[in-house]
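Residues per chain are reported as follows:
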Amino acid sequence: MNYLLIIGITLFVVLSIAAGLIWIERRLLSVWQDRLGPNRVGPFGLFQVIADTIKLFFKEDWVPPFSDKPVFILAPGILMVTILLTFAVIPFAPDFYVFDSNIGILFFLGNSSLGVYSIVLGGWASNNKYSFIGAMRASAQMLTYEVFMGLSLMGVVMMADSFSFRAIVEAQKDCWFIIPQFFGFVVFFIAGVAETHRLPFDIPEAEGELIAGYHSEYSGMKFGMFFVGEYLGVTLISAIIATLFFGGWLGPSFLPPAFWFFLKTFFFIFVFILLRASLPRPRYDQLMSLGWKLLLPLALLNILITGAVLLFLK
Amino acid sequence: MSLEIMIVKIRIDGKYYETKLGKNLLEACLELGLNIPHFCYHPALGSVGACRLCAVKRFKDADDKKGHIIMSCMEPVTEGMIISIEDADASAIRAAVIEGVMTNHPHDCPVCDEGGECHLQDMTVMAGHNYRRFDFKKRTYKDQDLGSFINHEMNRCIQCYRCMRFYRDYVGGKDLNAFAAHNYVYFGRHENGALESEFSGNLVEVCPTGVFTDKTLKKHFTRKWDLSNAPSVCVHCSVGCNTIVSERYDSLRRIMSRYNGAVNGYFICDRGRFGYEFVNDEKRIRNPKIRINKNEKQEEVSENNLILTSLTESFSKDKKIIGIGSPRASLESNYSLLSLVGQENFYHGISKREYNLTKTALDFLRSSSVKTPSLKQIEKADVVFILGEDITNTAPMTALAVRQAVRNKPKAAATEKGIPLWNEYPIRNYTQDSKSPVFIATAIKDRLDDIAEKTFRGSNADIAGLGIAVGSLLNDEASTLKLSSNDQQELAEKIALSLKNAKHPLIITGVNCGDEEILHAALNISIALRKNNPEAMLSIALPECNSMGLAMLPGKPLDEAISIASNEIIDTLVILENDLYRRTTKESVDVLFEKSKQVIVLDHLINKTSQDVDIVIPVSTFAESEGTLINNEGRAQRYYKAINNKDEVKESWRWIGDLIKLRNNDQSIPWNNFDELVSSLVNELPAFSKLKEYMPDADFRMYNAKIPRQSLRYSGRTAMNANIAVSEQKVAEDNDSPLAFSMEGQGEQPPSSLVPFYWTPGWNSVQASNNYLDELNGSLKGGDPGIRLVESNGENKSSYFKIDSHTVDLQKNELLIVPAYSIFGSEELSSAGEAIKQRIPEPFVYLCEKDADIFEFKDNDMITIEIAKSKIELKVIIENSLKQGVAVVSVNLPGMPFIDLPASGIFSKM
Amino acid sequence: MFSILRTIWLTFLHIFHRSETVEYPEVKPYLAPRYRGRIVLTRDDEKKERCVACYLCAAACPVDCIALQAAEDDNGRRYPEFFRINFSRCIFCGFCEDACPTYAIQLIPDFEMAEYDRQNLVYEKENLLISGEGKYPGYNFYKNAGVDMGVKRKGDGLTEEKPVDVNDLMP
């Protein structure tokens, strides 16, 4: 297939999902809170997304006079770019992917590390106390969770003997990695929530304490990019979980592989939203100690056991 | 009196406090900031122990656990006394007393003007009564019409007798009384009619509830918490009482007295309280008016620029320009005019007679070592001799101070018997009718006659003669005069003896009587007295609020400007806040106007002068500007604006600043704000150098904020202008004072000269002022505001005045005429108000019966008098206290032409 | 750890609960008579304005959105010369109703007062005054108060004795 077409379709689908998530999240949250949610604009309130987009586009795009302007403008772009780039290595179906890299996982980890720059620079450039505190919290949180996010995936890599997402999916033909790599999954899932700074780990933008953290000063479409970036992140982490631990496109063959992939992805998106609906935000020190004292040893233990078992089986 | 300064320690509710011996317990507790509810006690009126509300518990010693209830206002403070205010028994008694008081109090607060600043409300809350258990009907009364000042609503009365004690005992009024018996006691007049006393307005503040309320406020009623206030100084006479002026919706709502221990104490006179209505008058000039041609009518213009561009070339720098100042304009406004025209072209807008007399007074106060008393010191005088001046009508608060002074001798006698000064009724019982001697020498019966030991009636020459005789008896150096009549000689000897033996003798005279002889005679007496008694005092009543300030500025009298005009053409004549037709004859003013190419008037009301000139500039009144006034004792006091200027109205000095800029044809304004103006004044005229020391500058801050003019509960901020525009406008800035047009800021206890209103937690009524004082009846915390610019130099150098007595040869049909001032009417500004207008008498002439018989006049006849070729019509009133050959004619009443009195006049029937 | 999972599970179960949302404007909610909505000025049993312009509502208002000016008719009866509420500032706290000593100012169950132009949210007395008595029929302040302002003579009030005869000295 034509590369450009694939890229176009991928971008369209991914961005549509991210945008649609705005509506999905609000509706789901209201269901769990015994409300109705947005249901006025269009059928079931679906056009709320469009209304919101139009609103974002037409809002005054204000650049604070006290900010570091080039960095301020650049920051939201970094987030979008790094996340969208990662989607390039994700196989949606056996024959539908942009680029089958033999370092797919490393590419994902690298991009997600770069994504932190967006937040740190955005908060820094805003030249505002709340933004700055938010950015500092984000960098510490990301650094922490980055460490064992990578480590938790090593078990998967060892079992599939490859960094390529396609190869990993192929390796799950007999058994999804969720079973042998259960601890890896738990650590990765928690790290993923923290990496996208979604509730309950939205400490960098905690409204109650920091107004909106690193993006306090953003408005208009720049804010929109942070906003959509967050949903893109959710989609990405969900897609990676589905790919690495739940067999990606694998599934009974009466339905096309892409369907199974999206079904699994959406399941994890729902879990993300359910987490938001039910859990309160931990204190900052609790977040850090959970990372360093529990998840890091767990990830290391997982590598140790996986390695030992693999060696033993050889 | 050494007892009075002894410090004692008392224990109140377990804490130790220090206070001074000689006070009563209530007074001491209030000074310490402790809240004891009370009704009948008022610092100025003393204790009578009538209301039983100030109950506290006293313990014999530290072992006494039971204690006994006492009335704190009747208990002298003693060393080591132990009391409890919060004790349950005492609180129960206080609550029960209030409950009793409230049984008949109507359900009126929403429509009662006292509500929100009501002592009864405060005390009800403070004593803890909150539920009515009394289920029976309430007593009612019929009300009276008490004239245009005071509203009467007897149902609200709680029978505390404060009004009686104030009106009858303190100011000596006769026409308010208590009627009926037991719980039917009624306070009112014997019939409807205006209260006669000049101080009746203080009933509004003295009455702890809403029986007596301000009728002028009722017309545009506003609660205390909604008023935007500023500390001000009364502009209606030369005494300079301190006032609080209050604004709401851009109009002046009322005037209350502002405590100043050295000047007016707790009270002000009715002219000061109710004379404010001219500020809101329809006749106010709100926009500039110009007249292109002399024959055309003035037209209103709205743009500042228009007025400034319409100034013709006769205003340019090389042209002759003359400025006429005013004794009713502030010192700064007069000074700004002086800098516009230069010292050689500045004229005081007063007649030559007034100019000379005021100058004499000022020079004497500066050069002699005779004390000029404040009102507080006047209250301490033990012998008073009043020469020629009707102080009740020209300086009313001085008269009230004299009324207090007469009690000094009997009070001293009572203290010797061990009765403390605050214990009002025992003192009155002991002293009965005895008084300190007051001698009054005037042409006609005086309002103070009732407290006088001896009165003297005669022509000005007679009065001066008496004065000279007294002076010569006191000291041989003074010009001697042996009086022709034995009675008079006896009186002179009696007065001289009294003055000689007095500790604090006081001579009161004034320039309003218009007679140099009398003034000189009075000054001579004071010089003679001073030789032997350093406590000798002399008080001189001046005509207007800033007569002294104007006299201190260089300048010449108005008459000289007129004589210049009759010789040469004046290019531009600038008249500052002055109606020249009140200062000199119509002919002279007409000459002045005819010979001026261009006449500019700055004033706030349309009057004869401002009607007929080329340019009228609207300037702000005392309520809308800052300024300094210097009162008759030389005390400089500053007033601040309560109303922010609107339309084209600006302060005189600001307008004149613009004129200076225009005349000099450059862009720099000599001053941008009030502080710069004052600095410029102080630099140029060293006589005013103390001004800068006392007044806080506009950049003064308390807790980093300006002092708010508004109370914490100021309401309607987001709605009062919403009919014009729903978005709230920025709060107006005031760059000229440390006060803000705002409720924001720390308003508690600002410097005493900047207190915009009295309020402390729990005290919403005027009684809150107690918490602003060092000592009740004493000075404000941080000292009383105002600074004396004219101070005697301590050495007694002044020499006696040589008095040439001149006799006037009367023609046929001629009588000597002396002026009679009316408290309501003789002052220009207050006369424009509705309430005052109803009390202004018709122009009158007093004649004694014999003179009337000669002319065949009867009471109430309208007659004509010709004085210096001008004719006036007046109503005859027969008054037998007058000496034959003397007539007393009202002056300065609205509609009357200027007459230069004293003079002789030809009397004829109409 | 377990409690976290239990929380998530319990939240998830809310999928099967009924929604509490009332779909206004298709469904109008029930508003109690004491609901704090639009502010009105009521009249007394003689159909005259109840408001006596005492300024207590203005003082109680935490956002200072009430401004008025007292005036008097020929009988001395107090009424507001103007009475203005800036509803764009009003927070419908009802303090004004609590403060009102004459039951004049009342909050009613009506909240549908949105406007496109904020200026239209400034209500003057003509907009506020209704012709009825509102929640407290029959109450007339002047019949309870001690003043004589044309409603009753002194001594004719509900809780008053006949005026005292000042010349009477009987015990």
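Just so it is clear, the structure is predicted and the values come from calculations on it, not from any experiment.

Undergrad: Please explain the overall build of chain A as it appears in this structure.
TA: Helix and strand counts for chain A come out as 11 helices and 0 strands. N-terminal to C-terminal, the α/β element order of chain A is α-α-α-α-α-α-α-α-α-α-α. Based on the C-alpha atoms only, the size of chain A along its principal axes is roughly 65 × 45 × 40 Å. Residue burial in chain A is summarised as follows: out of 314 residues, 53% are buried. Long-range contacts, defined as pairs at least 24 residues apart, comprise 78% of the intrachain contacts of chain A with a sequence gap of at least 6. A total of about 14,100 Å² of accessible surface is found on chain A, and carbon and sulfur atoms cover 74% of it. Of the side-chain charges in chain A, 19 are positive and 20 negative, and the distance between the mean point of each set is 5 Å.

Undergrad: Hey, could you run me through the overall build of chain C in this one?
TA: A count of helical and extended segments in chain C gives 5 helices and 6 strands. Reading the secondary structure of chain C in the N-to-C direction produces α-β-α-β-β-α-β-β-α-α-β. Taking 171 residues into account, the globule formula puts the C-alpha radius of gyration at 16 Å, and chain C, at 24 Å, lies well above it. Oriented by its inertia axes, the alpha-carbon framework of chain C measures out at about 90 × 45 × 30 Å. Within the span of chain C, comprising 171 residues, buried residues form 42% of the whole. Looking at chain C alone, contacts between residues at least 24 apart form 69% of all its contacts between residues at least 6 apart. Considering chain C, the positive charge centre built from 22 side chains and the negative charge centre built from 27 side chains are found 4 Å apart.

Undergrad: Even after reading the chapter, I still don't get the interface of chain B and chain C, so can you show me in this structure?
TA: Interfaces are often sized by the accessible area lost when the parts come together. If you look at the interface, chain B gives 49 residues, while chain C gives 48 residues. In this assembly, chain B packs against chain C so that about 3,800 Å² is buried in total across both faces, 54% of it on carbon and sulfur atoms. When the buried area of chain B at its contact with chain C is split by residue, B:Val111, B:Thr140 and B:Val726 rank highest and sum to 17% of it. Counting every contact that joins chain B to chain C gives 6 salt bridges. In this structure, C:Arg89 and B:Glu728 form a salt bridge, with 2.3 Å as the shortest nitrogen-oxygen distance. Where chain B touches chain C, the interface holds 28 residue pairs in polar contact (both at pLDDT 80 or more). Broken down by element, the side of chain B that touches chain C gets its largest block of residues, 3 residues, from strand S6 (residues 138–140) of chain B. In terms of residue class, the side of chain B that touches chain C is made up of 21 nonpolar, 12 polar and 16 charged.

Undergrad: Looking at this model, I keep getting lost on helix H3 (residues 69–87) of chain A. Mind explaining?
TA: The periodicity of an α-helix, 3.6 residues per turn, causes residues three or four positions apart to be oriented the same way. Residues and elements named next belong to chain A. Of all the bends in H3, the greatest, near 30°, is centred on Ala-75, and the proline Pro-76 appears no more than four residues after it. Every buried residue belonging to H3 is among Phe-72, Ala-75, Pro-76, Gly-77, Leu-79, Met-80, Thr-82, Ile-83, Thr-86 and Phe-87, and all of these are buried. As for H3, its buried residues are in contact with helix H1 (3–32), helix H4 (104–125) and helix H9 (220–245).

Undergrad: Sorry, what's going on with empty space enclosed by the protein here?
TA: Using a probe with the size of a water molecule, rolled over the atoms, empty space left in the structure can be pinpointed. Applying the stated criterion across every chain, the model contains 16 cavities of 30 Å³ or more. Looking at the largest cavity, its volume works out to about 490 Å³. Along the wall of the largest cavity there are 27 residues; nearest its centre are B:Glu354, B:Asn512, B:Pro543, B:Tyr821 and B:Asn892. Those elements that place two or more of their residues in the lining of the largest cavity are helix H10 (352–367) and helix H12 (391–394) of chain B. The element that contributes the greatest number of residues to the lining of the largest cavity is H10(B), accounting for 3 residues. Tallied by class, residues from the lining of the largest cavity come to 11 nonpolar, 7 polar and 9 charged. Counting only domains with at least three residues in the lining of the largest cavity, you end up with domain 2 (355–542) and domain 3 (814–909) of chain B. Contributing elements (two or more residues each) for the lining of the second largest cavity: H3, H4 and H9 of chain A.

Undergrad: I tried to follow the pattern of salt bridges on my own but got confused; where do I start?
TA: Pairing is possible between side chains that carry opposite charge, provided their charged atoms lie close to one another. Summed over all chains, the structure comprises 74 salt bridges over all chains. A:Arg198 serves as the salt-bridge partner of A:Glu230, at 3.3 Å between the closest nitrogen and oxygen. With A:Glu230 in helix H9 and A:Arg198 in the loop between helix H7 (182–195) and helix H8 (207–210), the pair connects residues that are 32 residues apart, well separated along the chain. For the pair formed by A:Glu230 and A:Arg198, the shared burial category is buried. Note that B:Glu733 and B:Lys730 form a salt bridge whose closest N and O atoms lie 2.9 Å from each other. The exposure classification of B:Glu733 matches that of B:Lys730, with both residues exposed. Where salt bridges share partners, they join A:Glu25, A:Arg198, A:Glu230 and A:Arg276 into one cluster.

Undergrad: Help me understand the state of the cysteines, please; the structure alone is not making it clear to me.
TA: A full pass over the atoms with the stated rule returns 0 disulfides over all chains. For B:Cys29, which is in no disulfide, the shortest distance to another cysteine sulfur is to B:Cys54 and amounts to 9.7 Å. Of all cysteine sulfurs, the one in C:Cys65 lies closest to C:Cys61, which takes part in no disulfide; the gap is 3.7 Å.

Undergrad: Would you mind going over the packing of aromatic side chains with me for this structure?
TA: Both the distance between ring centres and the angle between the ring planes are used here to describe each pair of aromatic rings. All chains considered together, the criterion is met by 56 aromatic pairs over all chains. With centroids separated by 5.5 Å and ring planes inclined at 90°, the aromatic side chains of A:Phe227 and A:Tyr231 adopt a geometry described as edge-to-face. Placement of both A:Phe227 and A:Tyr231 in helix H9 is noted, with a separation of 4 residues, approximately one turn of the helix. Classification of A:Phe227 as partly exposed rests on a relative accessible area of 27%. Pairwise contacts between aromatic rings join A:Phe108, A:Trp176, A:Phe182, A:Phe183, A:Phe185, A:Phe188, A:Phe189, A:Phe245, A:Phe246, A:Phe267, A:Phe268 and A:Phe272 into one cluster. Sitting over the face of the ring of A:Tyr284, A:Arg137 holds its NZ or CZ atom 5.7 Å from the ring centroid. The ring of B:Tyr16 carries the charged tip of B:Lys9 above its face, separated from the ring centre by 5.8 Å.

Undergrad: Looking at this structure, how should I read a nonpolar patch on the surface?
TA: Residue and element names in this part refer to chain A. A surface patch of nonpolar side chains, amounting to about 850 Å² of accessible area, comprises Val-41, Phe-44, Leu-46, Phe-47, Ile-50, Ile-54, Phe-57 and Phe-58. Of note, Phe-47 is situated in the loop between H1 and helix H2 (48–58). By relative accessible area, Phe-47 is classed as partly exposed at 41%.

Undergrad: Please explain the sheet that holds strand S5 (residues 82–84) of chain B as it appears in this structure.
TA: Strands belonging to one sheet form pairs held by backbone hydrogen bonds; the direction of such a pair is parallel or antiparallel. Residues and elements named next belong to chain B. With mixed pairing, 5 strands are arranged side by side in an open sheet as S2-S1-S5-S3-S4. The open sheet terminates on both sides in strands that have one partner only, identified here as strand S2 (15–20) and strand S4 (68–71). Averaged over all adjacent pairs, the angle separating strand axes in this sheet is 40°, with direction ignored. Here 2 bridges tie strand S1 (residues 7–12) to S5, and the two strands are oriented parallel to one another. Bridge pairing links Ile-12 to Ile-83 in S5. Those strands touched by helix H2 (residues 88–102) are strand S3 (55–59) and S4, and its axis lies near 160° from that of S3.

Undergrad: Got a minute to help me understand the pairing of strand S2 (residues 66–72) of chain C in this structure?
TA: In regular strands, side chains alternate between the two faces of the sheet. Along S2(C), 6 of the 7 residues are buried, which leaves the element largely enclosed by surrounding structure. Two successive antiparallel strands, S2(C) and strand S3 (residues 78–86) of chain C, enclose a turn made up of 5 residues, where C:Gly76 displays a positive phi of approximately 90°.

Undergrad: Could you clarify how one ought to interpret the pairing of strand S13 (residues 251–257) of chain B in this entry?
TA: Residues and elements named next belong to chain B. Within S13, 7 of the 7 residues are buried, which leaves the element mostly enclosed by the surrounding structure. Where strand S12 (residues 242–248) lies against S13, 6 bridges are found, and the strand directions are antiparallel. If you follow Ser-246 over to S13, its bridge partner there is Arg-254. What sits between S12 and S13 in their antiparallel hairpin is a turn of 2 residues, with Tyr-249 showing a positive phi close to 50°.

Undergrad: Even after reading the chapter, I still don't get the nonpolar core, so can you show me in this structure?
TA: Considering soluble globular proteins, one finds that nonpolar side chains tend to be buried as a cluster. With 170 residues, the main nonpolar core has B:Phe622, B:Val845, B:Ile865, B:Val889 and B:Phe907 as its most contacted residues. Excluding its chain neighbours within four sequence positions, the residues that come into contact with B:Val889 are B:Ile817, B:Val818, B:Pro819, B:Ala820, B:Phe844, B:Val845, B:Ile865, B:Ile872, B:Leu874, B:Met896, B:Ile899 and B:Leu901.

Undergrad: Sorry if this is basic, but what is going on with the interface of chain A and chain C here?
TA: Listed by partner, the interface residues are 12 residues for chain A and 16 residues for chain C. Across the chain A/chain C interface, buried area totals approximately 1,200 Å², and carbon plus sulfur atoms make up 60% of it. The three residues of chain A that bury the most area against chain C are A:Trp32, A:Asp34 and A:Arg40, which together make up 46% of that side's buried surface. Scanning the region where chain A abuts chain C turns up 2 salt bridges. Here C:Glu26 ties to A:Arg40 by a salt bridge, and the two come within 3.1 Å at their closest N and O atoms. The interface formed by chain A and chain C includes 7 residue pairs in polar contact (both at pLDDT 80 or more). Secondary structure elements with two or more residues in the side of chain A that touches chain C: H1 and helix H10 (257–278) of chain A.

Thresholds, definitions, all that
- Residues numbered from 1 in each chain as written.
- Chains lettered and ligands numbered in written order.
- Predicted model: local features only at pLDDT ≥ 70, side-chain atom pairs only at ≥ 80, totals over all residues.
- Heavy atoms only, no water.
- Helix = DSSP H or I, 4+ residues; strand = E, 2+ residues; numbered from the N terminus.
- Buried < 20%, exposed > 50% of the residue type's maximum accessible area, 1.4 Å probe, protein only.
- Contact = heavy atoms within 4.5 Å.
- Areas by Shrake-Rupley, 256 points an atom, 1.4 Å probe, with all protein chains shown as cover.
- Lys, Arg positive; Asp, Glu negative; His and termini not counted.
- Charge placed at Lys NZ, Arg CZ, Asp CG, Glu CD.
- Rg over C-alpha atoms; globule rule 2.2 N^0.38 Å.
- Buried area = accessible area lost by both parts, 1.4 Å probe.
- Salt bridge = Lys/Arg side-chain N within 4 Å of Asp/Glu carboxyl O.
- Polar contact = N/O pair within 3.5 Å; in protein donor to acceptor, adjacent residues only side chain to side chain.
- Nonpolar A, V, L, I, M, F, W, Y, C, P; charged D, E, K, R; others polar.
- Bend = angle between axes of the 7 residues up to and from the residue.
- 1 Å grid on protein atoms, 1.4 Å probe; cavity = no way out; pocket = protein on both sides within 12 Å on 5 of 7 lines; lining within 4 Å.
- Points joined across faces, edges and corners; volume = space filled by probe spheres on them.
- Domains from an automatic or database assignment.
- Disulfide = S-S within 2.5 Å.
- Phe/Tyr/Trp six-rings, centres within 6.5 Å; stacked < 30°, edge-to-face > 60°.
- Lys NZ or Arg CZ within 6 Å of the ring centre and 35° of its normal.
- Patch = residues over 30% accessible without salt bridge, like charges linked within 9 Å, V, L, I, M, F, W, Y side chains within 5 Å.
- Pairing = 2+ DSSP bridges.
- Axes fitted to C-alpha atoms, helices over the stretch in contact; angles between N-to-C directions.
- Core = buried A, V, L, I, M, F, W, Y, C linked by side-chain atoms within 4.5 Å.

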